[in-house]
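Fold and contact review
Take a look at the letters that make up each chain.
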Amino acid sequence: TTWALGYAYLLRGDRAAAGRAYTESIAISQAIGHFIIHFMATMGLSRVQELDNQLVTAAETYRQALQLAGDPPLPVACEVHLGLARICYEWNDLAAAEQHVQRGAYLARQIADTDRFVACDLFLARLKLAEGDGAGAVALVAAAEQAVRLRNFVQRIPDVAAAKVLLLLAQGN
């Protein structure tokens, strides 16, 4: 319940309350040995830290979540890799960002009926643009757009539109 409250706060945009709830949820789940909630709360806390631009702390918390995800990792660890990819991108470590987003996309594709692989592909397109691979970026955005339409991931339409704007700007249009 505490983890769900943290997620609700995050969706509402109250990151401070989300961080408190996730921290409490981590403590409770550790005390009772609830592995999944511990993992999910750690992942949520890392996202809050990332959104608060505490990138060093967020990266460490994401790494803790990866350790909790196991080997091989739970497919939901795709979110952890996507978070680490975003942080590496901010630090201009494009190679590490690409490794993480590729791992994230691989894991996301193991989850039935999820749009997370679309988020990974759109982020990978952004990386391709940063690396000067416009054609690769265009192909990734087109594939993501097709997946959004075919699977009715309407919540991802704004993300696809934003990626298309980046492509147009990169083309000088």
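The rules we used
- Residues numbered from 1 in each chain as written.
- Predicted model: local features only at pLDDT ≥ 70, side-chain atom pairs only at ≥ 80, totals over all residues.
- Heavy atoms only, no water.
- Phe/Tyr/Trp six-rings, centres within 6.5 Å; stacked < 30°, edge-to-face > 60°.
- Helix = DSSP H or I, 4+ residues; strand = E, 2+ residues; numbered from the N terminus.
- Buried < 20%, exposed > 50% of the residue type's maximum accessible area, 1.4 Å probe, protein only.
- Contact = heavy atoms within 4.5 Å.
- Core = buried A, V, L, I, M, F, W, Y, C linked by side-chain atoms within 4.5 Å.
- Expected span 1.5 Å × (residues − 1).

**Overview of the packing of aromatic side chains**
Applying the stated criterion across every chain, the model contains three aromatic pairs. Considering the side-chain rings of Trp-3 and Tyr-7, the 5.9 Å spacing of their centres and the 10° angle between planes classify their relative orientation as stacked. In this pair, Trp-3 and Tyr-7 both sit in helix H1 (residues 2-12), four residues apart, roughly one turn of the helix. Residue Tyr-7 is classed as partly exposed on the basis of its relative accessible area, which comes to 40%. Look at Phe-117 and Phe-153: their rings are 6.2 Å apart centre to centre, the planes differ by 70°, and that puts the pair in the edge-to-face class. On the criterion of sequence distance, the pair formed by Phe-117 in helix H7 (residues 116-130) and Phe-153 in the loop between helix H8 (134-150) and helix H9 (157-170) is long-range, its members being 36 residues apart. The buried category is assigned to Phe-117, whose relative accessible area is 9%. Taking the relative accessible area as the measure of exposure, Phe-153 reaches 7% and is therefore buried.

**Examining the side chain of His-81**
With respect to the helices and strands, the residue His-81 is situated in helix H5 (residues 78-90). With sequence-adjacent residues up to four places away left out, His-81 is seen in contact with Leu-66, His-100, Val-101, Arg-103, Gly-104 and Leu-107.

**Some points on the nonpolar core**
If you look at soluble globular proteins, the nonpolar side chains tend to sit buried side by side. Counting 43 residues, the largest nonpolar core has Phe-39, Val-80, Val-101, Val-118, Leu-122 and Leu-127 as the members making the most contacts within it. Contact partners of Phe-39, with chain neighbours within four places excluded, come to Ala-65, Leu-68, Ala-69, Leu-74, Val-76, Ala-77 and Val-80. One finds Leu-10, Tyr-22, Ile-26 and Ala-41 within the second-largest nonpolar core, a separate group that totals seven residues.

**Here's the deal with helix H4 (residues 55-69)**
Along its 15 residues, H4 runs 20 Å from first to last C-alpha, staying within 8% of the 21 Å computed at 1.5 Å per residue. Tucked into the core, H4 has its buried residues touching helix H3 (35-51) and H5. Looking one or two residues beyond H4, the residue adopting positive phi is Gly-70, at roughly 85°.

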